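One letter stands for each residue in the lines below.
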Amino acid sequence: MNIFNEESTVDFAGIDQSDGLTIASTFDLFQEAAINHAEILGVGREAMKQSGTVWILSRLSVFMACRPRYKEKIITRTWPRSTNKLFAIRDYDIHYSADISDRENSQCLDNALVRGRSAWLVVDIEKRRPLRPQIAAEKLPPNEGINALPGENLQGNDPPPSLAAQDYSAAEPVLRRACYSDIDYNGHVNNARYIQWIQDLVDPEILKNAQQIRLDINYLAEVLYGETINLFLLPITSEDINKDSPLCRQIPLHCTAAYAIEGRRGSAAEAVPVFRAELRTG
């Protein structure tokens, strides 16, 4: 099965005051579809565990061109697309159910409401070190040319300049402790929780009024239960807000608000970044 499909209805827990799907709920849909597809392809949780490996998400880009609304019927699609020296790339999109007639074979991308790309590492469980993704790639269809985010960075291996280190010296950190509800099966903070943390940093009026949302995030280090993370939010200045980066050129988006975000572990002198992200709304 080259493209995996899951039909669902936008539920009440997945929306904000705008009645539209949130970026965190979007990622939940992507994550569940990817997990279910991996099981079908024979590279799911138990199969990887037997080989002493695990999938770890390293990078994610999501563009919400149109936010599905409460009770609307949608189809979340995902497909593995390629591998390189470090990453296995998986793409995603979301459509209205009525727009996808042939779910097994459709490669329609033009009417996607949401598009996404993720880069995954295959990690040795015991040594906690990445392996070449080709160890699992033989079971994955290549899906050449089916690109959810067309344009540059098709291999997903070059972080955009906007995700480089920023000067947060003038920003007041928000402390976030990793609690039980944040921790997943692998024993660290679930990938989706970082998206919730990011949402909580932003003025809710910005997110409520956003017609389009773009999120790029690099996961740099795992966070364990009980750790306290310093979260920083830095508004991107108006003169830079609509400048392109390699990722932003893939989908034109006129930004009305943009933020650089970083999570750090440890004191200021010995801080270790655990993630970097950029959020743009329009």
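Residues numbered from 1 in each chain as written. Predicted model: local features only at pLDDT ≥ 70, side-chain atom pairs only at ≥ 80, totals over all residues. Heavy atoms only, no water.

(A) How the structure looks around the overall build of the protein chain. When you go through the protein chain residue by residue, the secondary structure sums to five helices and 11 strands. Counting only residues that meet the buried cut, the protein chain has 51% of its 282 residues in that class. A separation of at least 24 residues holds for 79% of the contacts in the protein chain among residues at least 6 apart in sequence. Accessible area for the protein chain stands at about 13300 Å²; split by element, carbon and sulfur atoms hold 51% of it. (Helix = DSSP H or I, 4+ residues; strand = E, 2+ residues; numbered from the N terminus. Buried < 20%, exposed > 50% of the residue type's maximum accessible area, 1.4 Å probe, protein only. Contact = heavy atoms within 4.5 Å. Areas by Shrake-Rupley, 256 points an atom, 1.4 Å probe, with all protein chains shown as cover.)

(B) Spatial organisation of helix H4 (residues 191-201). Most of H4 sits out of view: eight of its 11 residues are buried. If you check which residues of H4 are buried, you get Asn191, Ala192, Tyr194, Ile195, Trp197, Ile198, Gln199 and Leu201.

(C) A look at the nonpolar core. Val43, Trp55, Tyr194, Ile195, Ile217, Ile261 and Phe275 are the most contacted members of the largest nonpolar core, which totals 52 residues. Beyond its immediate stretch of four places on either side in the chain, Val43 contacts Ala38, Met48, Trp55, Ala136, Lys139 and Leu140. Residues Ile56, Ala119, Leu121 and Val123 belong to the second largest nonpolar core, which totals seven residues. (Core = buried A, V, L, I, M, F, W, Y, C linked by side-chain atoms within 4.5 Å.)

(D) Quick peek at the environment of Leu233. Structurally, Leu233 can be placed in strand E9 (residues 228-235). We classify Leu233 as partly exposed; its relative accessible area is 22%. As a C-alpha pair, Leu233 and Tyr168 span 65 residues in sequence and 7.8 Å in three-dimensional space. Filtering out sequence-adjacent residues up to four positions away, Leu233 remains in contact with Tyr168, Ala171, Leu201, Val202, Tyr259, Ala260 and Ile261.

(E) Expanded view of helix H1 (residues 23-41). End to end, H1 covers 27 Å across 19 residues, agreeing with the expected 27 Å (1.5 Å per residue, within 8%). Following H1 by one or two positions, Gly42 has its phi on the positive side, about 85 degrees. (Expected span 1.5 Å × (residues − 1).)

(F) Highlighting unusual backbone geometry. If you check the backbone angles, Lys71 has positive phi at about 75 degrees while not being a glycine. In this fold, Lys71 is placed in the loop between strand E2 (53-64) and strand E3 (73-83).

(G) The arrangement of the environment of Asn209 in detail. Within the secondary structure layout, Asn209 lies in helix H5 (residues 204-209). The exposure class assigned to Asn209 is partly exposed, which follows from its relative accessible area of 48%. On a C-alpha basis, the gap between Asn209 and Ser18 in space is 6.8 Å, while along the polypeptide they are 191 residues apart.

(H) Focus on the packing of aromatic side chains. Counting across every chain of the model gives six aromatic pairs. With 5.4 Å between their ring centres and 75 degrees between their planes, Tyr194 and Phe275 make a pair best called edge-to-face. You can see Tyr194 sitting in helix H4 and its partner Phe275 sitting in strand E11 (residues 272-281), a full 81 residues away along the chain. Phe275 gets classed as buried once you look at its relative accessible area, which sits at 0%. By the ring-pair criterion, three or more aromatic residues cluster together here, those being Tyr194, Trp197, Tyr219 and Phe275. Directly above the ring of Tyr225 sits Arg177, whose terminal nitrogen or CZ lies 5.3 Å from the centroid. (Phe/Tyr/Trp six-rings, centres within 6.5 Å; stacked < 30°, edge-to-face > 60°. Lys NZ or Arg CZ within 6 Å of the ring centre and 35° of its normal.)

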